[in-house]
Each structure stands twice: as structure tokens, then as C-alpha cells.
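Single-letter residue listing:
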Amino acid sequence: MDVTPIEIPSKISHSQPFVPDTGFKALPGTESSSTPPEEEEHRSTVGSLALAPVIEIDKLYSAPEESKSQLITALGLLADSVELLAQARIAAQKSRLMDADRYTQRFEAILPALFRCRKIGDGYAVVINSLHFAAINKRGEPLNLNQLTTAWRILRELRNKPFVEFEQALEYVEEFEACGLRVDPPIVSELLEHLEHEQ
Amino acid sequence: MPVPLSISDFKMTSATCEIRYDNAYLIYDRTGQICHDLKASFTGFKVQSPSPSQTIASAKEGSFVIEAAASRFTTKNPDTKLEQFAIFCKQFFDVVSEGLDVKVFTRLGFRVLFRKDFRGLDEAKSAFTALKLTTLKPTKRFGAADEPNEILLRWEGEDIGTMWRAKAETIKIDAVLPAELEMENSDLRKAFNALVVDVDYYTVAPVERSQWDPKEWIRHSIRTIRRDTDALLGN
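In this text the structure is predicted, and so the values were computed from the model without any measurement.

J.: Just to check I follow, could you spell out the overall build of chain B for this structure?
T.: Helix and strand content of chain B: four helices and eleven strands. Taken over the C-alpha atoms alone, chain B extends approximately 60 × 55 × 35 Å along its principal axes. Put simply, chain B has 235 residues, and 39% of those count as buried.

Here's what the structure looks like:
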């Protein structure tokens, strides 16, 4: 049997309108109704958007005290990682290889905590996972300057754009591989090595 | 002497999240696909007003507007912690951003309305005046009234902005129920005398899509709004 839905019309009227309705257009607030917005002056972004600096991630997600958010945890850990890799790069540039390795090892110790924040997104998880396996596959060998720079640059980008799309994350992984990091799980790396020797 | 108010004395009556972007001309090609995808995510999703540059739709969860340069989701019945609202926003804005291929948001906006009811308008006005949001001396201005009954404040930095408005007002609801319901009283009229606080929290600097997660952002934003509104209310 067909049922004709009955729509109950409801109307909410206010004694005074919420926002001035006398043509004062300096208040283009977030629309809270379904009515079409009036013609309003938006900041033109055509052509200029590429040059406009995007918001800093810490301004977008202001960290409240004792936040349990995975994002806030990850942002803190990523800041530490970027700082450690920056120090490692400086040391490597000055041929202080022991110092560079010490900073790198401190960064590697953060990777499991970063991995625990993988709910942030698939793109984020792929980047962190790749670095984790790259560290394992190095088997204690220090990262060279090129590898340190690539990891530092990509983690810096990840910190500002933690919700990176999966496709973009795969491009980052390609960059890791291009600088000589092996990002596959150890067993896969061993199989690939074996196959390469056979060829 | 009125008792100092806190944000927990207010009921949240409306929540809206809005994204703005550079004109997305794919709206002329992909609105149908977007609506089809939204239909799978929302209960009773129904397009109310389709037009080339603006589509209005509604579902049990709230109402949707998709435009060439902005899209928004509104609910008139938000959950207290906005957890459900944030999930709905994520579902909606993921579909819209993907469908319209939006990579950069020129503005993100999150607007909430809080209401505290009073027995009479005078009581609401007294509560409003007791907030002491202005240092103006009470004297008749513009031939209208001694005290203002609405105050609008705006703070805007390079990254974030907030419009904060408080008003003592009478809100009238007029609803005429259809005769098919055979209700004894089909003409419903109700008036609330209330103090309304309206907060629009928004971004000023552009935001890349890979920076934004609606669930996280709404969680942080509502916490900031509650904390700073409490401070403005004198707590």
C-alpha cells in the first residue's frame, strides 16, 4: 500500500533577524540556513591562492592541555622528528658522523609512537610505515646525507599536511626508494634481494 | 542580582559547518554523482531544490547546501559533544571535496547557536545587561532604548577569526499541522524569551585539504568556543 508522506510545515520566526538585514555586507558569516546567500564580497583567490600562505597546522588545531587526540600527539612527535633529523643533517654536513647517527637513532626511537597514531589516515600510515621498515632494513647502518634530507623534508611536509592523500603518500614512498631506502618489510626486502641476485 | 551564566546553562540549538573554495565548475557535471553518494550515507536523503549552481537537500541528520563556491551542513538538533555532527560533516565534506576536486579551502566556518530561555523578555534582557559586554552608560540612544539588546564582537587574526554575538530576544515558532493529522489543535504557536549566543569560528588563511579533518577540527573548535564563551560570560 502506498503511503503518502505528510510533511509538517514548520516556521521559526524571530522578533529580530539574526544578522542585520539592511544591506550591511561586512559580515559574511557562516550561513546557518538553507537559503541562498546574498551576493557578497568574497576575498578573491583567483591567481593569488597559489601564493597565499596556507594556515599553520598548529593554528588550525590549537592544542588544548592534556589532549588525548592522536593528531595532537602525532604533531608533537613529528615536530620532534623533524628537529632531530635537522640536527642529524647539520652533523652529517659537518662530517660529524657519530653525532648524525646518534640523532638518527633518537628519531628512529620515535617511529613506533608515530605508528601508533596511524588512525590519522592511510597516507600518514604509509609514510611512517615506510620509514619504519627503511630503518630496519638499514640494519644499523647510518643514513647518508641525501637520505636524511629526504626523510626530514617529507616529515616536515607530513607535519603540515597530516591528512595527506594516499596517492601523494605513495609519491613520498617513491622518493624514499629513489634515495636508496628500502621501504618494504624485511622478508619482502630479502626476497627482492634474492631475486635481484638470481637475475 | 542575576546569577552569573556559564555556557553549560545554554542549550545548543543549531550547528553549521561550511567550506568555501574557489569556484568549482565541476558542480555542473558532478552534482548528480555527489547526491547519489550522499544518499548512501544519510538517512532519507532527499534533494529539495536542484539548480545548476546550488543544490539544497535534507536528511534525518540535517540539511545540506552545495554551491559553486561553498557547501555547508546544518543540523538543528546537534548532539551535546558534536561527535555525531562531526562524523556527518566528515562524510558530507569528503564526498563534496572529492566530487568537486577541491584541493584548497579559502575559508572553513563553524557556527553554533546557544539559547538560554527565560520566563520573560525583561528577564532575558537583564541577563544580557548583566554580562557587561559594553562600558556604555545607559542612556537613550538613537531614540531607541537605554541599553542595547544585542552585541556583536569580532576578533580576526591572520589565521583564525571569530564572530561572537549575544542577544536578548523573543523567538516565535508558528507551525500549522496538516488537517490529515486530525489533531485537536493544529495551530501550534510558541514563543521563547531567550538569551541567544551565536558564535561563528572560521579560518582566515587558506587551508589545504590534506590539512583538514572535519572531525578533529570540529572537536578542537567547539572546545575553543566553549572555553572562550565561558570567559566572555564572566566565568
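After that view of the structure, there is still more to cover.
J.: Honestly, the overall build of chain A in this entry has me stumped. Any pointers?
T.: Summing up its helical and strand segments, chain A has seven helices and one strand in all. When its helices and strands are written in sequence order, chain A yields β-α-α-α-α-α-α-α. Counting every position in chain A, which comprises 199 residues, the buried fraction comes to 26%. Counted over contacts in chain A with a minimum sequence separation of 6, partners at least 24 positions apart contribute 68%.

J.: Any chance you could explain the environment of B:Ala24 here in plain terms?
T.: All names here are of chain B. Checked against the element boundaries, Ala-24 lands in the loop between strand S1 (11–20) and helix H1 (27–41). For the pair Ala-24 and Ala-68, spaced 44 residues apart in sequence, the C-alpha to C-alpha distance is 5.2 Å. Ala-24 has contacts with Ala-68, Leu-100 and Val-102, leaving out every residue within four places of it along the chain.

J.: Would you take a moment to explain the environment of B:Gly109 for this structure?
T.: Take B:Gly109: it is sitting in strand S7 (residues 107–118). Overall, B:Gly109 belongs to the buried group, with 24 C-beta atoms counted inside 10 Å. It is 15 Å that separates the C-alpha atoms of B:Gly109 and B:Gln211, two residues lying 102 residues apart in sequence. Leaving out residues up to four positions away in the same chain, B:Gly109 has contacts with A:Thr30, B:Glu18, B:Asp200 and B:Tyr202.

J.: Sorry, what's going on with the packing of H1(B) against helix H2 (residues 83–100) of chain B here?
T.: The geometry of a pair of packed helices is captured by two quantities: the angle between their axes and the separation between those axes. Residue and element names in this part refer to chain B. With their axes 9 Å apart at the nearest point, H1 and H2 run at an angle of 155° to one another. In terms of axis orientation, H1 runs roughly antiparallel to H2. Judged by the twist between their axes, the crossing of H1 over H2 is right-handed. Between H1, through Ile-27, Arg-30, Gln-33, Ile-34, Asp-37, Leu-38 and Ser-41, and H2, the contact on the second element is made entirely by Gln-91, Phe-92, Val-95, Val-96, Gly-99 and Leu-100. Among the residues forming the contact of H1 with H2, the class breakdown is seven nonpolar, four polar and two charged.

J.: It is not clear to me how helix H5 (residues 145–160) of chain A should be interpreted in this structure. Could you clarify?
T.: An α-helix turns once per 3.6 residues; consequently, residues spaced three or four apart project the same way. Residues and elements named next belong to chain A. Between its terminal C-alpha atoms H5 stretches 23 Å, which fits the 22 Å expected from 16 residues at 1.5 Å a residue. By the burial criterion, the buried members of H5 are Gln-147, Leu-148, Thr-150, Ala-151, Trp-152, Ile-154, Leu-155 and Leu-158. Where H5 is buried, its residues touch helix H2 (70–93), helix H3 (97–115), helix H4 (122–137) and helix H6 (166–178).

J.: Mind showing me how you'd approach the confidence of the model for chain B here?
T.: The predicted model of chain B averages 92 in pLDDT, with 99% of residues at 70 or higher. Model confidence for the complex is summarised by a pTM of 0.82, with the ipTM given as 0.85.

J.: Would you mind going over the confidence of the model for chain A with me for this structure?
T.: It should be kept in mind that the predicted coordinates are not to be read in detail where pLDDT is low. Residues and elements named next belong to chain A. On average, residues of chain A score 79 in pLDDT, and 70% of them reach the 70 mark or higher. The element-level mean pLDDT for chain A is lowest in strand S1 (residues 11–14), coming to 44, with H5 highest at 96. Residue range residues 3–27 is modelled with pLDDT below 50. Its contacts to residues more than four positions away, or to other chains, number 27 contacts. Confidence over residues 36–48 falls short of pLDDT 50; this stretch has eleven contacts with residues more than four positions distant or in other chains.

J.: How should I be thinking about helix H3 (residues 121–130) of chain B in this particular structure?
T.: Residue and element names in this part refer to chain B. Among all positions in H3, only Ala-124, Lys-125, Ala-127 and Phe-128 are buried. Looking down the long axis of H3, one finds its buried residues gathered within 160° of arc, a one-sided arrangement. Elements that come into contact with the buried residues of H3 comprise S7, strand S9 (160–176) and strand S10 (187–203). Looking at the residues trailing H3, positive phi occurs at Lys-132, about 50°.

J.: I tried to follow the environment of B:Gly143 on my own but got confused; where do I start?
T.: With respect to the element layout, B:Gly143 can be found in the loop between H3 and strand S8 (150–156). Sequence spacing of B:Gly143 and B:Ala194 is 51 residues, and the spatial spacing of their C-alpha atoms is 24 Å.

J.: Looking at this model, I keep getting lost on the pairing of S9(B). Mind explaining?
T.: Regular strands show a simple pattern: their side chains alternate between the two faces of the sheet. Residue and element names in this part refer to chain B. Where S8 meets S9, seven bridges bridge the pair, whose relative direction is antiparallel. Residue pairing in the sheet places Ile-151 in a bridge with Ala-166 of S9. Joining the antiparallel neighbours S8 and S9 is a turn of three residues. With 17 bridges connecting them, S9 and S10 associate as antiparallel partners. The residue bridging Asp-174 from the neighbouring strand is Arg-189, located in S10.

J.: Looking at this structure, I do not really get the pairing of strand S5 (residues 70–75) of chain B. What am I missing?
T.: Residue and element names in this part refer to chain B. Counting buried residues along S5, six of its six residues qualify, which places the element largely inside the surrounding structure. Side-chain alternation along S5 places Ala-70, Arg-72 and Thr-74 on one buried face and Ser-71, Phe-73 and Thr-75 on a second face that is also buried. In this sheet, S5 lies alongside S1 in antiparallel orientation, the contact comprising six bridges. By the bridge assignment, Cys-17 is partnered in S5 with Phe-73. Sheet topology note: the strand S4 (residues 62–67)/S5 ladder contains four bridges and is antiparallel. Directly across from Val-65, in S5, lies its bridge partner Arg-72. Hairpin connection from S4 to S5: two residues lie between these consecutive antiparallel strands.

What counts, and where the lines are drawn
- The residue count restarts for each chain, going from 1 along the sequence in the order it is written.
- Each chain takes a letter, starting from A, and each ligand takes a number, starting from 1, following the order in which they are written.
- Where local features are concerned, this predicted model is filtered to residues with pLDDT of at least 70; where side-chain atom pairs are given and counted, the filter is 80 or more; whole-chain, interface and lining totals use all residues.
- We count a stretch as a helix when DSSP gives it H or I for four or more residues in a row; a strand needs E for two or more, and each element gets its number in order from the N terminus.
- Neighbour density around each residue's C-beta defines its exposure: 20 or more other C-beta atoms within 10 Å make it buried, 12 or fewer make it exposed, and counts between make it partly exposed, where C-beta atoms are placed from the backbone.
- Residues are treated as contacting if the C-beta atoms built from their backbones sit within 7 Å of each other.
- Inter-axis angles, ranging from 0 to 180 degrees, are taken between N-to-C directions of lines fitted to C-alpha atoms, where helices are fitted over the stretch in contact.
- Throughout, the term roughly parallel applies to angles under 35 degrees, roughly antiparallel to angles over 145, roughly perpendicular to angles from 65 to 115, and oblique to all others.
- A crossing counts as left-handed when the near helix is turned anticlockwise from the far one by less than a right angle, and as right-handed when that turn is clockwise.
- Ten residues, namely Ala, Val, Leu, Ile, Met, Phe, Trp, Tyr, Cys and Pro, are considered nonpolar, four, namely Asp, Glu, Lys and Arg, are considered charged, and the remaining ones, Gly among them, are considered polar.
- Expected helix span is given by 1.5 Å per residue-to-residue step, counting one fewer step than there are residues.
- Confidence of the predictor at the level of single residues is given by pLDDT, which spans 0 to 100.
- Comment: arc refers to directions from the helix axis out to C-beta atoms.
- By definition, two strands form a pair when at least two bridges between them are found by DSSP.

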